[in-house]
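Reading the structure
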Amino acid sequence: MSDVNDYLNGRRALFDRVLAESLPPRETPPQIIHEAMRYAVLGGGKRVRPIVAAAAAEACGADITPLLKHLAALELIHTYSLVHDDLPSLDNDDLRRGRKTTHVVYGEAMAILTGDALLTEAFSWLGEPLPGVDAARQLRAVREVAVAVDSKGMIGGQAADIEAERSELSADPEALARLLTFIHQNKTGKLLTVSLLLGGLLGGATDVQLAQLSAYGKALGLAFQIVDDLLDIEETAETLGKTAGKDIEQGKLTYPALFGMEAAREHVTILLEEALRNAAMIGGPVNYLGAIARYICERRS
Ligand code: IPE
Ligand code: IPE
Ligand code: MG
Ligand code: MG
Ligand code: MG
């Protein structure tokens, strides 16, 4: 475990640096939006999406150095989704990554614009020419990212999450379970899965490896959100750096709410096994995908 912790800490520091160096400087006019963007992105966070993307590229034998800014773009998309998720009209949260949320500090209008700006900035980074990567392959990768976070992907999941919270739910347990899986696979699973695909596509993965990365990402993406649901109940705001116990309070449709804590944990174990199976099949000279999957499922924050 200490081995993987060292690896994760190193990668986190690496991506923190890339993000700090690549975001527009705070003095860029209008200063307020660039300050808010830097506040939202640079205030901590596990950096899981760029880290799994880099691990995927590395498992395929790539040198990740030329890819870092492109992989870091995933963190801009993720952070934009958090800034908007925390808005008063969505989850209405005032704590994120151990600090006040962006809308609390900069106001709601500026927080909406910060999200807009981060999403747009991400695609500008993803589209930067990459010598050594086939342009058609890069174009495919950029499109895959866009599709993963569009209204049939991450935003669709967020829309279904909000709708489920605010409307009468079906009494049919199977229909509810299907809706819950849809929400989790889309709001969280799709960005995680495409992170692996981005790393694989830019890192020279074979078609077989891409399919394995995708299966790994699908299992891990769902597990990631179930663990997030469990931690919301089991942990404190201090440990999480965000409000705890809010899913029950807001009537969110979650795995523990629908199936209970124990069944939710069991589901994570099954998904972890599926992720580990695929991680092992990908092989590669340096393969941290299995260790990362364990970390994601066993994390406490
Ligand atoms: C939280 O994501 C939101 C979900 C998609 C569950 P993370 O747990 O990755 O949050 P940070 O980036 O580490 O703050
Ligand atoms: C957030 O899910 C998913 C996205 C932002 C796309 P949650 O609403 O459960 O995330 P937290 O618990 O606020 O981090
Ligand atoms: Mg939410
Ligand atoms: Mg939320
Ligand atoms: Mg949550």
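Up top is the structure these notes are about.
Presented here is an overview of the structure given in this document. (Residues numbered from 1 in each chain as written. Chains lettered and ligands numbered in written order. Predicted model: local features only at pLDDT ≥ 70, side-chain atom pairs only at ≥ 80, totals over all residues. Heavy atoms only, no water.)

1. Remarks on the overall build of the chain
To keep it simple, the criterion reads: Think of it this way: any DSSP run of H or I at least four residues long counts as a helix, any run of E at least two long counts as a strand, and we number them from the N terminus. When we talk radius of gyration, it's over C-alpha atoms, and the globule rule is simply 2.2 Å times the number of residues to the 0.38. Throughout, exposure labels follow a simple rule: accessible area from a 1.4 Å probe, protein chains only, divided by the maximum for the residue type, with under 20% read as buried, over 50% as exposed, and the rest as partly exposed. In this analysis, two residues are considered to be in contact whenever any of their non-hydrogen atoms come within 4.5 Å of each other. Here the accessible surface of atoms and residues is derived via Shrake-Rupley with a 1.4 Å probe, and residues count as covered only by protein chains that are part of the display.
Across its full length, the chain holds 15 helices and two strands. Taken against the 2.2 N^0.38 rule, which gives 19 Å for 301 residues, the C-alpha radius of gyration of the chain at 18 Å falls within 12% of a compact globule. Principal-axis analysis of the C-alpha atoms gives the chain an extent of 55 × 50 × 35 Å. The 301 residues of the chain split such that 53% are buried. Put simply, of all contacts in the chain between residues at least 6 apart along the chain, 75% involve residues at least 24 apart. Total accessible area computed for the chain in this model is approximately 12,900 Å², and 56% of it derives from carbon and sulfur atoms.

2. Description of the site of ligand 1
Which entries qualify depends on this criterion: A single heavy atom is enough: if one lies within 4 Å of a molecule or strand, its residue is considered near that molecule or strand. Definition of a polar contact: a pair of N or O atoms within 3.5 Å, with one able to donate and the other able to accept a hydrogen when the atoms are protein atoms, and with sequence-neighbouring residues admitted only if both atoms are side-chain atoms. Following the grouping adopted for this structure description, the nonpolar residues are Ala, Val, Leu, Ile, Met, Phe, Trp, Tyr, Cys and Pro, the charged ones are Asp, Glu, Lys and Arg, and the polar ones are all others, Gly among them.
By nearness alone, every residue bordering ligand 1 is listed as Gly45, Lys46, Arg49, His78, Leu82, Arg97, Thr188, Phe224, Gln225, Asp228, Lys242 and Arg299. Between ligand 1 and His78 there is a distance of 2.8 Å, counted from an oxygen atom to a side-chain nitrogen or oxygen. A distance of 2.8 Å is found between an oxygen atom of ligand 1 and a side-chain nitrogen or oxygen belonging to Arg97. Expressed as a share of its isolated accessible area of 400 Å², the protein-covered part of ligand 1 is 89%. For the shell around ligand 1, the secondary-structure elements that each account for two or more residues are helix 4 (68-85) and helix 10 (207-234). Element by element, the count of residues in the shell around ligand 1 is highest for helix 10, at three residues. Among the residues forming the shell around ligand 1, the class breakdown is two nonpolar, four polar and six charged.

3. Remarks on helix 14 (residues 261-282)
For the record, the criterion: To estimate how far a helix should reach, multiply one less than its number of residues by 1.5 Å. Here the arc refers to the directions that run from the helix axis out to each C-beta atom.
With 22 residues, helix 14 should reach 32 Å at 1.5 Å per residue; the first-to-last C-alpha distance of 32 Å fits that figure. Every buried residue belonging to helix 14 is among Ala264, Val268, Leu271, Leu272, Ala275, Asn278, Ala279 and Ile282, and all of these are buried. The arc that holds every buried residue of helix 14, seen down its axis, measures 130°, which confines them to one face. Among the exposed residues of helix 14, those oriented more than 90 degrees off its buried face are Glu262, Ile270, Ala280 and Met281. Against helix 3 (48-59), helix 10, helix 13 (255-259) and helix 15 (289-298) lie the buried residues of helix 14.

4. Structural notes on the pattern of salt bridges
This is how it is decided: Any Lys or Arg side-chain nitrogen located within 4 Å of an Asp or Glu carboxyl oxygen qualifies as a salt bridge.
Across all of its chains, the model carries 21 salt bridges by this definition. The residue Asp85 makes a salt bridge to Arg96 at a minimum N-O spacing of 3.7 Å. With a gap of 11 residues between them, Asp85 in helix 4 and Arg96 in strand 1 (residues 95-96) connect regions that are remote in the sequence. Of the two residues, Asp85 and Arg96, neither departs from the other in class, the shared state being buried. Of the charged contacts in the structure, one is a salt bridge between Asp161 and Lys187, with a shortest N-O distance of 2.9 Å. Of this pair, Asp161 sits in helix 8 (residues 154-166) while Lys187 is found in helix 9 (residues 173-202), placing the two residues 26 residues apart along the sequence. Accessibility classification places Asp161 together with Lys187 in one group, the buried group. Taken together, the shared-partner salt bridges in this structure form one network comprising Asp91, Asp161, Glu165, Arg166, Lys187 and Lys252.

5. Here we look at unusual backbone geometry
Going from Pro29 to Pro30, the amide bond is cis rather than trans, its omega being -10°. Not every positive phi belongs to a glycine, and Arg47 is a case in point at roughly 60°. For Arg47, a relative accessible area of 1% puts it in the buried group. Within the chain, Asn92 stands out as a residue other than glycine whose phi angle is a positive 55°. Relative to the assigned elements, Asn92 resides in the loop between helix 4 and strand 1.

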